[in-house]
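Take a look at the letters that make up each chain.
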Amino acid sequence: ERIRNLPSLVEDDVFVPPVPAPRLQGPRRNYFLFGEPIPTAGIDHKDRAGCTEVYSKLRSTVEDGIEYLLSAREEDPFEDMPGRYAWEQVTGVQAPSFDLTGKFGRFKAGEASK
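Chains are numbered independently. Their residues run from 1 in the order of the written sequence. Reporting of local features is limited, given that this is a predicted model, to residues whose pLDDT is at least 70; pairs of side-chain atoms are given and counted only at 80 or more, and all residues count toward the totals for whole chains, interfaces and linings. Excluded from the side-chain calculations are hydrogens and water; all other atoms, namely the structure's heavy atoms, are used.

Caption draft 1: Spatial organisation of the side chain of arginine 29. Helix and strand labels come from DSSP, where a helix needs a run of H or I of at least four residues and a strand needs a run of E of at least two; each type is numbered from the N terminus. Relative to the helices and strands, arginine 29 is located in the segment before helix 1 (48–75). Think of it in three bands: with a 1.4 Å probe and only protein chains considered, a residue is buried below 20% of the maximum accessible area for its type, exposed above 50%, and partly exposed in between. With a relative accessible area of 14%, arginine 29 lands in the buried category. Whenever a nitrogen or oxygen atom comes within 3.5 Å of another N or O atom, the pair is scored as a polar contact, on the condition that within protein one atom can donate a hydrogen and the other can accept it, and that pairs from neighbouring residues in sequence are kept only if both atoms are in side chains. Here aspartate 76 takes part through its side chain, which lies 2.8 Å from a polar atom of the side chain of arginine 29. Of note is the side chain of arginine 29, whose polar atom sits 3.1 Å from the backbone oxygen of proline 96. If we ignore the near neighbours within four places in the chain, the residues touching arginine 29 are Asp76, Phe78, Glu79, Arg84, Ala95, Pro96 and Ser97. Working rule for contacts: check all heavy atoms of both residues, and any pair within 4.5 Å makes them a contact.

Structure, rendered in structure tokens:
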């Protein structure tokens, strides 16, 4: 009954699309991490041991990166929109992000502010 007037491209379709609800706190920050390239040029695709080794290294690197970004998000004081927006309006500069030094950072200590 409730889907009778909904548009559908498929006859007798019973799918009811979800209605998205925005977060009350506004959009969250997005966190990205680009790791070092993992060379695969010298790997023979038929070499099972070599492929397993590269895959293991890749998987470990990705899992470590995700763990790092999740912990960075938890510690980010400007992760939610209202506080970040207010801080940026008061100071006139973009709210700082998490520390770019450390295990996954692209910069050595002291270079991150350059």
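That covers the picture; the talk isn't over yet.
Caption draft 2: Geometry of the packing of aromatic side chains. Classification of ring pairs uses Phe, Tyr and Trp, with its six-membered ring standing for Trp, and accepts pairs whose centres are within 6.5 Å; under 30 degrees between planes counts as stacked, over 60 as edge-to-face, and the remaining range as tilted. In total, this model carries one aromatic pair according to the counting rule given. Where phenylalanine 78 meets tryptophan 87, the ring centres are 5.1 Å apart and the plane angle is 55 degrees; that geometry is what we call tilted. The class for phenylalanine 78 is buried, based on a relative accessible area of 13%. Taking relative accessible area as the criterion, tryptophan 87 reaches 30% and is therefore assigned partly exposed.

Caption draft 3: Representation of the confidence of the model for the protein chain. For every residue, the pLDDT score states the predictor's confidence, bounded by 0 at the bottom and 100 at the top. Mean pLDDT for the protein chain: 80, with 82% of residues reaching 70 or above. For residues 107–114, every residue scores under 50 in pLDDT, and the model assigns this stretch seven contacts once sequence neighbours within four places are set aside.

Caption draft 4: Highlighting the pattern of salt bridges. The working definition used for a salt bridge is a side-chain nitrogen of Lys or Arg within 4 Å of a carboxyl oxygen of Asp or Glu. One pass over the full model with this rule turns up three salt bridges. Of the charged contacts in the structure, one is a salt bridge between glutamate 79 and arginine 28, with a shortest N-O distance of 2.4 Å. Within this pair, whereas glutamate 79 is found in the loop between helix 1 and helix 2 (81–91), its partner arginine 28 is found in the segment before helix 1, the two being separated by 51 residues in sequence. Assessed through its relative accessible area of 8%, glutamate 79 is described here as buried. Arginine 29 is the salt-bridge partner of aspartate 76, the closest N and O atoms lying 2.8 Å from each other. Here aspartate 76 is found in the loop between helix 1 and helix 2, whereas its partner arginine 29 is found in the segment before helix 1, with 47 residues between them in sequence. Arginine 29 shares its class with aspartate 76; the two are buried.

Caption draft 5: Helix 1, seen in detail. In this model, helix 1 (28 residues) spans 40 Å end to end at C-alpha, consistent with the 40 Å of a helix rising 1.5 Å per residue. For helix 1, every residue scored as buried is listed here: Gly50, Val54, Gly65, Tyr68, Leu69 and Ala72. To estimate how far a helix should reach, multiply one less than its number of residues by 1.5 Å.

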